Amino acid sequence: MTKRNSFLSRLWINLRFQHRHNQKRGLYSYLGWNSLKIIAIYIIIIVPLIIIARNFFDFNTIFSYFTDNVSPWFVILVFFISESFLGMIPPDLFMIWSTRFDQPFLMLLLLGVLSYLGGIVSYWIGYWLSARPKIRAYTERKLEKYIILVRKWGGAFIVIAALFPFSPLSTVIIAVSLLKYPFKSYLLFGLSRILRFLFQGLLYMGLFNMDAIFSNIF
C-alpha cells in the first residue's frame, strides 16, 4: 500500500469514527433543529419586517446617508470591539452596511477577518478569567449551556457558532477558553467565521437590492 493510500485509509477511518461519534451525541439533530429555527425566524420575522418597513422607509437613502456621514473606520472599530466583547451588536447590521460600498465583497472579507480576530481576543479574555477562581466560577455558571456543548462536540460546536446566525460566537469562545481548549485548534475551526460573512453578506446584497426586488414583487 502506498503512503497516499495509507493516508486516505486512515483519514476515512477517522471520518467514519467522528461521524458515529457525532450521531451518538446528537450533533446532527442539533444542527437540523437549529437550522429549522433560523429559517423560521427569517421567514416569519425578518423578511416580513423588511417588506413592511419598505412601505415606510427608503432603505437606499438611509444606508447611503449613514455611509456618507459616518467614517468607515469608526464603524469598523465599533464592529471589532463588539466582536471581541460578547458580540454586543448583531453582525448582520454590519454586513448590511457593507453592501453600500463599491466593493462590498472586500468589505465583507475584512469584516470576516476582524470577527475572526475578535474571537482571538475573546479567547484570551476567557484565559484571563480562568486564572481568577471567583470570576471563573461565576462565568462558568453563566456559560454552563455552552460549556456543556463544547465538552460534548468540541471543535464542531465552534464551527456551528461561527457559521450560524444568532450564535454568540464571542461567548462560545470564552467558554472554549475556560475549558483550556487548545488555542491552535480554535485558530483552525474559527476560520469558518469568515465564510459566514461572505455567504450571508452575499445574501444581504441580494436582499437589499430593494429597487430590483420590490419592483418585481409589487
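Rules and cut-offs
Per chain, residue numbering runs from 1 following the sequence as it is written. Local features in a predicted model are, by the rule used here, given only for residues with pLDDT of at least 70; side-chain atom pairs are given and counted only at 80 or more, and totals for whole chains, interfaces and linings are based on all residues. To get the side-chain values, take all heavy atoms of the structure and skip hydrogens and water. The way it works is that DSSP assigns letters per residue, a run of H or I at least four long becomes a helix, a run of E at least two long becomes a strand, and they are numbered from the N terminus. Here the term buried applies to any residue with accessible area under 20% of the maximum for its type, exposed to any over 50%, and partly exposed to those in between, with areas from a 1.4 Å probe on protein chains only. Only heavy atoms matter for contacts: two residues are in contact if any of them lie within 4.5 Å across the pair. For every residue, the predictor reports its confidence as pLDDT, a number between 0 and 100. Orientation is described by axes fitted as lines to C-alpha atoms, over the contacting stretch for helices, and by angles from 0 to 180 degrees between their N-to-C directions. What makes a crossing left-handed is the near helix being turned counterclockwise from the far one by less than a right angle; a clockwise turn instead makes it right-handed. Three classes are used, and their members are as follows: Ala, Val, Leu, Ile, Met, Phe, Trp, Tyr, Cys and Pro are nonpolar, Asp, Glu, Lys and Arg are charged, and the others, Gly among them, are polar. Any two rings among Phe, Tyr and Trp, with Trp reduced to its six-membered ring, count as a pair given centres within 6.5 Å; such a pair is stacked if its planes are under 30 degrees apart, edge-to-face if over 60, and tilted if neither. Patches here are clusters of residues that have more than 30% relative accessible area and form no salt bridge, with a 9 Å joining cutoff for like charges and a 5 Å cutoff for nonpolar side chains (Val, Leu, Ile, Met, Phe, Trp, Tyr). The method behind every accessible area is Shrake-Rupley, applied with a 1.4 Å probe, and residues are considered shielded solely by the protein chains displayed. Salt-bridge detection follows one rule: a side-chain nitrogen of Lys or Arg within 4 Å of a carboxyl oxygen of Asp or Glu.

1. Comments concerning the overall build of the protein chain
Regarding its fold elements, the protein chain presents 13 helices and zero strands. Going from N to C terminus, the protein chain has its helices and strands arranged as α-α-α-α-α-α-α-α-α-α-α-α-α. A total of 218 residues make up the protein chain; the buried ones form 39% of that total. Taking contacts inside the protein chain between residues at least 6 apart in sequence as the whole, the part at least 24 apart equals 78%.

2. Quick look at the environment of Gly 112
With respect to the helices and strands, Gly 112 occurs in helix 6 (residues 104–130). Residue Gly 112 is classed as buried on the basis of its relative accessible area, which comes to 0%. Between the C-alpha atom of Gly 112 and that of Phe 197, which follows or precedes it by 85 residues, the distance is 5.3 Å. Contacts of Gly 112, omitting those with residues within four sequence positions, involve Ile 194 and Phe 197.

3. Overview of the confidence of the model for the protein chain
Low-confidence regions, as indicated by low pLDDT, have predicted coordinates that should not be scrutinised in detail. Here the protein chain averages 79 in pLDDT, and 73% of its residues register 70 or above. For residues 210–218, every residue scores under 50 in pLDDT, and the model assigns this stretch 13 contacts once sequence neighbours within four places are set aside.

4. Considering the packing of helix 8 (residues 144–153) against helix 10 (residues 169–178)
One can describe the packing of helix 8 onto helix 10 by two numbers: an axis separation of 9 Å at closest approach and a directional angle of 65 degrees. As for the relative orientation of helix 8 and helix 10, their crossing is right-handed in sense. Residues Tyr 146, Ile 147 and Val 150 of helix 8 lie in contact with helix 10, whose contacting residues are Thr 171, Val 172, Ala 175 and Val 176. Among the residues making up the contact of helix 8 with helix 10, the classes are represented as six nonpolar, one polar and no charged.

5. Comments concerning the packing of aromatic side chains
A complete count under the given rule lists ten aromatic pairs for this structure. Look at Trp 97 and Phe 101: their rings are 4.8 Å apart centre to centre, the planes differ by 80 degrees, and that puts the pair in the edge-to-face class. Ring geometry for Tyr 123 against Tyr 186: centres 6.2 Å apart, planes inclined by 20 degrees, an arrangement best described as stacked. Note that Tyr 123 is positioned in helix 6 and Tyr 186 in helix 11 (residues 183–189), a separation of 63 residues in sequence.

6. Brief notes about a nonpolar patch on the surface
A cluster of nonpolar side chains, Phe 105, Leu 106, Leu 109, Val 113, Leu 117 and Leu 202, forms an exposed patch at the surface whose accessible area comes to about 460 Å². When residues of the nonpolar patch are assigned to their parent elements, the largest contribution, five residues, is made by helix 6. Following the sequence through the fold, Phe 105 ends up in helix 6.

7. Here we look at unusual backbone geometry
For Lys 180, which is not glycine, the phi torsion reads 60 degrees and is therefore positive. With respect to the helices, strands and loops of the structure, Lys 180 is situated in the loop between helix 10 and helix 11.

8. As for the pattern of salt bridges
Taken as a whole, this structure holds three salt bridges when the rule is applied. Where Glu 83 meets Arg 193, a salt bridge forms, and the shortest distance between an N and an O atom there is 2.9 Å. One end of the pair, Glu 83, is in helix 4 (residues 72–84); the other, Arg 193, is in helix 12 (residues 192–207), with 110 residues separating them in the sequence. Exposure remark for Arg 193: the relative accessible area of 2% places this residue in the buried category. The salt bridge partner of Glu 140 is Arg 136, with a shortest N-O separation of 2.7 Å. Highlighted residues: Glu 140 and Arg 136, both in helix 7 (residues 133–142), separated by four residues, approximately one helical turn. Given a relative accessible area of 26%, Glu 140 falls into the partly exposed group. Under the relative-accessibility criterion, Arg 136 is labelled partly exposed at 21%.

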